[in-house]
Amino acid sequence: MRKTTQEFLFPVSHAELTLSLIRARQGNETQYFERMGLTPEDLVDPNQYLTLTQFKTAMQLGSEYMLPGEPHFLQLLAHFPPTAHGLVGIAALTAATLGDALNVAIEFFPLLLPSMELHREDLHHESRIHIKRLYEFGSPYDEVQIEFVIAGFARMTEFVSGTQLNARPQVRKDTQVQLTHIRTENLEAYEHFFGKPVQFGSARNGFTISRSILNQPLLTHNRITHEMLLTTLTRQLKSIPQARPLTQRVQRLLTQGIIHGQQLDAAEIASQLSMSVRTLARRLSEEESSLLELTKSVRMERAEWLLTSGELPLSKVAQQLGFSSQAAFTRAFKQATGRTPGDLRKHPMQPGQNEEDCLIS
């Protein structure tokens, strides 16, 4: 069960991003503050947040100043320096490896953009980052947001690994971007930025990055600073109404268990999280979740990935997911998604369908 949209709170840095764009286009700042319902002092107040309505207004204002001929996410990125990520960016910068920095960004992403959830799936040679929208803003805002988030991650990984100044850095060359929407214009700009063609019309939004890149140590690592920042960020994360840190940790454990052929029960998960089974259940309930719900959703998410990214027989898919039979898997999958596994494999995306119709989590 999700929090209500009225409880979404966005960092005021998103308003600063829009204002920076408007200033670059020599727009009307007075009109901007009036439409946003903000004052200049609000933009420097660390306790200031944007409501959902204000965030929508910021996106609308930004779109009014976009120039033709260049993808909107690139125009926004030009006004959003890596340091704009605040404490989350500094915590990533002081992590031990690029993979650890990526984990920081994923775990504390609700502090940056609470209308989305990110999940990491580690395979043998690569890691896949899945992005799910929790709220529909409508086109073209949804598409631009997804592109902006992935581009921001690409630039952050280069920044923290010290490869930002290289021509076509290895980070981007070893990263594959998947987007559910279709683009037919400016394809060269996408390929130039990401280092390779983007996979439009994919089954889900996200990106895949080589594990060898994620193992790179960071020269800016500082253990004491990093741990202090993690403590502060964890406290901040618990204070915002839409954050579900424990739910996301349990999702990661369940996903990794399935990948390695393990069906983790409550006792095993509680042990890995250094808490009792009773405490695990209580804290998940506080986040309006449960282990049963998460197990079902993670199974279906993994099922969809196996069905759309390979030719593993349905019987093997069912076995990997812990179902007693292929028939049991088919029933559960159809109940959760409204489609049979065979239908999804033949037709990964139906016309007009978005990733929320496919990704159950």
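Residues numbered from 1 in each chain as written. Predicted model: local features only at pLDDT ≥ 70, side-chain atom pairs only at ≥ 80, totals over all residues. Heavy atoms only, no water.

(A) Spatial organisation of helix α17 (residues 326–337). The end-to-end C-alpha distance of α17 is 16 Å, a good match for the 16 Å that twelve residues give at a rise of 1.5 Å each. Residues of α17 that are buried: Ala328, Phe329, Phe333 and Thr337. End-on, the buried residues of α17 take up no more than an arc of 135°, which puts them together on one face. Away from the buried face of α17 by more than 90 degrees, exposed residues Arg331 and Gln335 are located. Looking at the packing, one finds that the buried side of α17 touches α15 (291–309), α16 (314–320) and α18 (341–346). Taken from the residues just after α17, Gly338 is the one with a positive phi, measuring 80°. (Helix = DSSP H or I, 4+ residues; strand = E, 2+ residues; numbered from the N terminus. Expected span 1.5 Å × (residues − 1). Buried < 20%, exposed > 50% of the residue type's maximum accessible area, 1.4 Å probe, protein only. Arc of directions from axis to C-beta. Contact = heavy atoms within 4.5 Å.)

(B) Examining the environment of Leu284 more closely. Relative to the helices and strands, Leu284 is located in helix α14 (residues 277–286). For the pair Leu284 and Thr247, spaced 37 residues apart in sequence, the C-alpha to C-alpha distance is 6.4 Å.

(C) Seen up close, the pairing of strand β4 (residues 126–133). Most of β4 sits inside the fold, with seven of its eight residues counted as buried. By the bridge criterion, seven bridges tie strand β3 (residues 116–122) to β4 in an arrangement that is antiparallel. Bridge pairing links Asp122 to Ser127 in β4. The antiparallel pairing of β3 with β4 creates a hairpin that spans three residues between the two strands. (Pairing = 2+ DSSP bridges.)

(D) Up close: empty space enclosed by the protein. Counted under the stated rule, the structure contains four cavities of 30 Å³ or more. Reported here for the second largest cavity is a volume of approximately 120 Å³. Within the residue set of the lining of the second largest cavity, elements represented by two or more residues are β3, α12 (245–259) and α15. Looking at the lining of the second largest cavity element by element, the count peaks at four residues for α15. Grouping the amino acids of the lining of the second largest cavity by side-chain chemistry returns two nonpolar, four polar and six charged. (1 Å grid on protein atoms, 1.4 Å probe; cavity = no way out; pocket = protein on both sides within 12 Å on 5 of 7 lines; lining within 4 Å. Points joined across faces, edges and corners; volume = space filled by probe spheres on them. Nonpolar A, V, L, I, M, F, W, Y, C, P; charged D, E, K, R; others polar.)

(E) Layout of the layout of surface pockets. Of the pockets and cavities examined, the largest pocket occupies roughly 1100 Å³. In this structure, the largest pocket is lined by 49 residues; those nearest its centre are Pro11, Ser13, His14, Phe80 and Leu112. Those elements that provide at least two residues to the lining of the largest pocket are α1 (13–24), α3 (52–64), α4 (72–77), α5 (86–93), α7 (141–161) and α11 (223–239). By residue number, the principal contributor to the lining of the largest pocket is α7, which donates eight residues. Of the residues that constitute the lining of the largest pocket, the class distribution is 31 nonpolar, 16 polar and two charged.

(F) Examining the sheet that holds strand β7 (residues 205–210) more closely. Pairing within the open sheet is mixed, and its five strands lie in the order β3-β4-β7-β5-β6. Only two strands of the sheet have a single partner each, and these edge strands are β3 and β6 (199–200). Where strand β5 (residues 175–179) and β7 come together, four bridges link them in antiparallel fashion. If you follow Gln178 over to β7, its bridge partner there is Gly206. Packing of helix α6 (residues 98–107) onto the sheet brings it into contact with β3, β4 and β7, and relative to β3 it is tilted by some 150°. (Axes fitted to C-alpha atoms, helices over the stretch in contact; angles between N-to-C directions.)

(G) Molecular detail of the environment of His221. Tracing the sequence through the fold places His221 in the loop between α10 (211–214) and α11. If we ignore the near neighbours within four places in the chain, the residues touching His221 are Leu93, Thr94, Ala95 and Ala96.

(H) Representation of the pairing of β5. Most of β5 sits inside the fold, with five of its five residues counted as buried. Side chains Thr175, Val177 and Leu179 of β5 all project onto a buried face; the interleaved residues Gln176 and Gln178 project onto the opposite face, where all are buried too. Pairing analysis gives two bridges linking β5 to β6, with the strands arranged parallel. Residue Gln178 lies in a different strand from β6, and its bridge partner there is Gln199. Remark: the β5/helix α9 (residues 187–194)/β6 crossover connection has right-handed handedness. (Right-handed = clockwise from strand over helix to strand, strands pointing away.)

(I) Focus on the confidence of the model for the protein chain. Chain-level pLDDT for the protein chain is 83 on average; 88% of the residues reach the 70-or-more range. Predicted confidence for residues 1–6 stays below pLDDT 50, and this span has 13 contacts to residues more than four positions away or in other chains. Low pLDDT, under 50, characterises residues 350–361; the stretch is placed with 37 contacts to residues that sit more than four places away or in other chains. (pLDDT = per-residue confidence, 0-100.)

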